[in-house]
Amino acid sequence: MEELLKRELGCACVKASGHSGGGCISQGQSYDTDTGRVFVKVNSKAEAKRMFEGEMASLTAILKTDTVKVPKPIKVLDAPGGGSMLVMEHLDMRYLSSHAAKLGTQLADLHLENKKRGEVLLKEASTVGKGGGQEEQLFVNQFGFDVVTCCGYLPQVNDWQKDWVTFYAQQRIQPQIDMVEKKSGDREALELWSALQLKIPDFFRDLEIIPSLLHGDLWGGNVAEDSFGPIIFDPASFYGHSEYELAIAGMFGGFSSSFYSAYHSKIPKAPGFEKRLKLYQLFHYLNHWNHFGSGYRGSSLNIMRNITQ
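Residues numbered from 1 in each chain as written. Predicted model: local features only at pLDDT ≥ 70, side-chain atom pairs only at ≥ 80, totals over all residues. Heavy atoms only, no water.

A. The overall build of the protein, seen in detail. On a plain count of helices and strands, the protein comes out with 9 helices and 11 strands. Over its C-alpha atoms the protein spans a radius of gyration of 20 Å, differing by no more than 12% from the 19 Å that the globule rule assigns to 309 residues. Across its three principal directions, the C-alpha atoms of the protein cover 65 × 60 × 35 Å. The buried share of the protein, reckoned over its 309 residues, is 47%. Summarising the internal contacts of the protein: among those between residues at least 6 apart in sequence, 64% fall at separations of at least 24. (Helix = DSSP H or I, 4+ residues; strand = E, 2+ residues; numbered from the N terminus. Rg over C-alpha atoms; globule rule 2.2 N^0.38 Å. Buried < 20%, exposed > 50% of the residue type's maximum accessible area, 1.4 Å probe, protein only. Contact = heavy atoms within 4.5 Å.)

Following this line, the structure appears as structure tokens:
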């Protein structure tokens, strides 16, 4: 591994540092190099390259917003013995505690960044002789992402769509339902989804949704802090509805009231927020069902029952 990293990163010296980590999907190891410490995530699955390329694109997109700290991605490489690996900047991270409110503020800034970009472009369009020389940051007016990203190891359909309701129903929930059907042929899930599909547009009546760049998998295990502030990592990004971000955040704990207060002081809850939050949690329960088995079946069906009534 050290020789591979030396060659690919153009380093004279690479040595394993003893720092390691990992989650449900991949394993990681830190290495000291003559150009700084790096963290290497490794996954032996055949589809790992697509997963890591999506993660690298996600980290790059968040980094460009200059709103919330993420590890700087460096390179996706073929792993020795098969699979793939993602090399990124090593960050010394600890459990999120003292910077929870700051994360709420910075996450809201991330979600508002595209909207602000649109407002700037509108202002510039009405200004004669605007100054040039700045890198053009384009306003994104659709929902999706340029590459496939994975929530866990399952790919997400990120084809661009003008309409958020269509995007969410067809490109988030439907693929998960299709996987459930393929694996178990669960008739109750299919019937509940058929009924829910008809009601989804009602949840979004009179709501204007401007695409926000999302982390996409923001649960307590994917946030941390250092002495300077909060850090988020392991993203599965796309441009979507800002409320979607808070769905998995509320499912497994890890976020304090100060985080939510700071976030909602910048992005207040819109009417119907709680019901839409349940709709967004449905994706994550179905995704867990497809990753980890039928232990998540009951939660998935209960949400569909409750919000269809």
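We are not done yet, so read on.
B. The pattern of salt bridges, seen in detail. A complete count under the given rule lists 16 salt bridges for this structure. Among the salt bridges present, the one from Arg-37 reaches Asp-32, with a minimum N-O distance of 2.7 Å. Accessibility expressed as a relative area gives 30% for Arg-37, which makes it partly exposed. A single network of salt bridges, built from pairs that share partners, joins Asp-186, Glu-188, Arg-297 and Arg-305. (Salt bridge = Lys/Arg side-chain N within 4 Å of Asp/Glu carboxyl O.)

C. Structural view of unusual backbone geometry. Unusually for a residue other than glycine, Asp-66 sits at a positive phi of about 55°. Within the secondary structure, Asp-66 sits in the loop between α2 (48-65) and β4 (73-78). Taking the relative accessible area as the measure of exposure, Asp-66 reaches 70% and is therefore exposed. For Asp-206, which is not a glycine, the phi torsion comes out positive at approximately 60°. Within the element layout of this structure, Asp-206 appears in the loop between α5 (187-199) and β8 (212-214). The exposure class assigned to Asp-206 is exposed, which follows from its relative accessible area of 82%.

D. Examining the packing of aromatic side chains more closely. What the rule picks out here adds up to 15 aromatic pairs. Seen in terms of ring centroids, Trp-164 and Phe-167 are 5.5 Å apart; in terms of plane orientation they differ by 20°. Their pairing is stacked. Of the two residues, Trp-164 and Phe-167 both sit in helix α4 (residues 164-184), 3 residues apart, roughly one turn of that helix. In terms of burial, Trp-164 and Phe-167 fall into one category: buried. (Phe/Tyr/Trp six-rings, centres within 6.5 Å; stacked < 30°, edge-to-face > 60°.)

E. Region of the structure containing the nonpolar core. Ranked by size, the top nonpolar core spans 63 residues in total, and within it Trp-164, Leu-196, Phe-204 and Met-304 carry the most contacts. The contacts of Met-304, once residues within four sequence positions are left out, are Ile-177, Ala-189, Leu-192, Trp-193, Leu-196 and Leu-282. Tyr-31, Val-38, Leu-77 and Val-87 belong to the second largest nonpolar core, which has 11 residues in total. (Core = buried A, V, L, I, M, F, W, Y, C linked by side-chain atoms within 4.5 Å.)

F. Geometry of the environment of Gly-104. Here Gly-104 lies in helix α3 (residues 100-125). Judged by its relative accessible area of 0%, Gly-104 is buried. Separated by 204 residues in sequence, Gly-104 and Thr-308 place their C-alpha atoms 31 Å apart. The residues contacting Gly-104, other than those within four sequence positions of it, are Phe-259, Ala-262 and Tyr-263.

G. Representation of the state of the cysteines within the structure. The final tally for this structure, using the stated rule, is 0 disulfides. For Cys-150, which is in no disulfide, the shortest distance to another cysteine sulfur is to Cys-151 and amounts to 9.0 Å. (Disulfide = S-S within 2.5 Å.)

H. Inspection of the confidence of the model for the protein at higher detail. Summarising the model, the protein shows a mean pLDDT of 93, and 94% of its residues fall at 70 or more. Long-range and interchain partners of residues 129-134, a stretch whose pLDDT sits below 50, account for 2 contacts in this model, where long-range means more than four residues apart. (pLDDT = per-residue confidence, 0-100.)

I. Spotlight on empty space enclosed by the protein. What the rule picks out here adds up to 1 cavity of 30 Å³ or more. If you go around the largest cavity, the residues you meet are Cys-151, Leu-154, Pro-155, Gln-156, Val-157, Gln-171, Arg-172, Pro-175, Gln-176, Met-179, Phe-283 and Asn-287. Broken down by secondary-structure element, the contributors of at least two residues to the lining of the largest cavity are β7 (154-156), α4 and α8 (273-292). Looking at which element gives the most residues to the lining of the largest cavity, the answer is α4, with 5 residues. Residues belonging to the lining of the largest cavity are distributed by class as follows: 7 nonpolar, 4 polar and 1 charged. (1 Å grid on protein atoms, 1.4 Å probe; cavity = no way out; pocket = protein on both sides within 12 Å on 5 of 7 lines; lining within 4 Å. Points joined across faces, edges and corners; volume = space filled by probe spheres on them. Nonpolar A, V, L, I, M, F, W, Y, C, P; charged D, E, K, R; others polar.)

J. Just the packing of α3 against helix α7 (residues 257-266), in detail. Relative orientation of the contacting elements α3 and α7 amounts to 35°, with a least axis distance of 7 Å. By crossing handedness, the relation of α3 to α7 is classed as right-handed. The residues of α7 that touch α3, namely those facing Ala-100, Ala-101, Leu-103, Gly-104, Thr-105, Leu-107, Ala-108, Asp-109, His-111 and Leu-112, are Ser-258, Phe-259, Ala-262, Tyr-263 and Lys-266. Considered class by class, the residues forming the contact of α3 with α7 number 9 nonpolar, 4 polar and 2 charged. (Axes fitted to C-alpha atoms, helices over the stretch in contact; angles between N-to-C directions. Left-handed = near helix turned anticlockwise from the far one by under 90°.)

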